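# Survey of secondary and tertiary structure
Here's the letter readout for the chains.
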Amino acid sequence: MEFEINFKDNTRRRKMDWQIGKEALELTKQLGQGNFGEVWLGTYDGTPVAIKKLFPFELEKIASSLHSGEEGITFEKYFEREVDALVKLRHPFIVQLIGICLTEENIYIVTDYVEGGDLHKKLIDPGWAINWKRRMVILINVASAMIYLHGKGIFLVPFKCD
């Protein structure tokens, strides 16, 4: 049995199937930045992936917002539980979580890379020529993914439609 996860309290836990070593990742081009981190195009063992690098100073904010209703649960335990659930999701219209890389400085979330960028930005871009039939197909695909997630007990709240 391999042990690899070291959190702030220096506890050691069994290496999870979703854990990726930093040496297997290469960040090649920054694609964007949000409130909690940066999104990079990169590679995982030579395969193109999207890598979200969480800002270290935001981890406590994330931790408190994620499990504010659960007494006695640590961020690390919550994080492990959530990732264990997410790596099992399989749906054609949900980006696949490949794994997580935990270092002393950062958390990297590694997912499939999907070319084309943000769907919301595409849909509201007047320069993006897409007919209504195609828009309906996209709507049905998104609804299919939401139904799948709800069936797994995963609810995206708040869901924002601008």
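Above this note sits the structure.
Residues numbered from 1 in each chain as written. Predicted model: local features only at pLDDT ≥ 70, side-chain atom pairs only at ≥ 80, totals over all residues. Heavy atoms only, no water.

### Things to note about the overall build of the protein chain
For the protein chain, the helix and strand inventory stands at four helices and seven strands. A burial count over the protein chain gives 31% of its 162 residues as buried. Accessible surface computed for the protein chain: about 11100 Å², of which carbon and sulfur atoms make up 56%. (Helix = DSSP H or I, 4+ residues; strand = E, 2+ residues; numbered from the N terminus. Buried < 20%, exposed > 50% of the residue type's maximum accessible area, 1.4 Å probe, protein only. Areas by Shrake-Rupley, 256 points an atom, 1.4 Å probe, with all protein chains shown as cover.)

### Let's talk about the sheet that holds strand E6 (residues 97-102)
The sheet built from five strands is open, its strands ordered E3-E4-E5-E7-E6 with antiparallel pairing. Because the sheet does not close on itself, it has two edges, and the strands there are strand E3 (25-33) and E6. The sheet shows a mean angle of 30 degrees between the axes of neighbouring strands, taken without regard to direction. Bridge count between strand E4 (residues 37-44) and strand E5 (residues 47-54): eight bridges; the pairing is antiparallel. Note that in E5 the partner of Tyr-44 across the bridge is Thr-47. (Pairing = 2+ DSSP bridges. Axes fitted to C-alpha atoms, helices over the stretch in contact; angles between N-to-C directions.)

### Regarding unusual backbone geometry
The phi dihedral of Asp-45 falls on the positive side, at around 50 degrees, and the residue is not glycine. Mapping Asp-45 onto the fold places it in the loop between E4 and E5.

### Considerations on the environment of Glu-105
Note on placement: Glu-105 falls in the loop between E6 and strand E7 (107-112). Since its relative accessible area comes to 53%, Glu-105 is described here as exposed.

### As for the nonpolar core
Considering soluble globular proteins, one finds that nonpolar side chains tend to be buried as a cluster. Membership of the largest hydrophobic core is limited to nine residues, which are Ile-20, Ala-24, Leu-25, Trp-40, Val-49, Ile-51, Cys-101, Tyr-108 and Val-110. Those elements giving two or more residues to this core turn out to be E5 and E7. Apart from the residues lying within four places of it in its own chain, the contact partners of Tyr-108 are Lys-22, Leu-25, Leu-27, Ile-51, Lys-52, Lys-53, Gly-99, Ile-100, Cys-101 and Thr-103. (Core = buried A, V, L, I, M, F, W, Y, C linked by side-chain atoms within 4.5 Å. Contact = heavy atoms within 4.5 Å.)

### So, the packing of aromatic side chains
Enumeration according to the criterion identifies zero aromatic pairs in this entry. The ring of Tyr-108 carries Lys-22 above its face, with NZ or CZ at 5.0 Å from the centroid. When the ring centre of Trp-132 is taken as reference, the NZ or CZ atom of Arg-135 above it lies at 4.9 Å. (Phe/Tyr/Trp six-rings, centres within 6.5 Å; stacked < 30°, edge-to-face > 60°. Lys NZ or Arg CZ within 6 Å of the ring centre and 35° of its normal.)

### Thoughts on the pairing of E7
With five bridges joining them, E5 and E7 adopt antiparallel strand pairing. Directly across from Lys-53, in E7, lies its bridge partner Tyr-108. Sheet topology note: the E6/E7 ladder contains five bridges and is antiparallel. Within E7, the residue paired with Cys-101 across the bridge is Tyr-108. Turn length for the E6-E7 hairpin, with the two strands adjacent in sequence and antiparallel, is four residues.

### Looking at the environment of Ile-100
Within the element layout of this structure, Ile-100 appears in strand E6. Placed 82 residues apart in sequence, Ile-100 and Trp-18 show a C-alpha to C-alpha distance of 6.1 Å.

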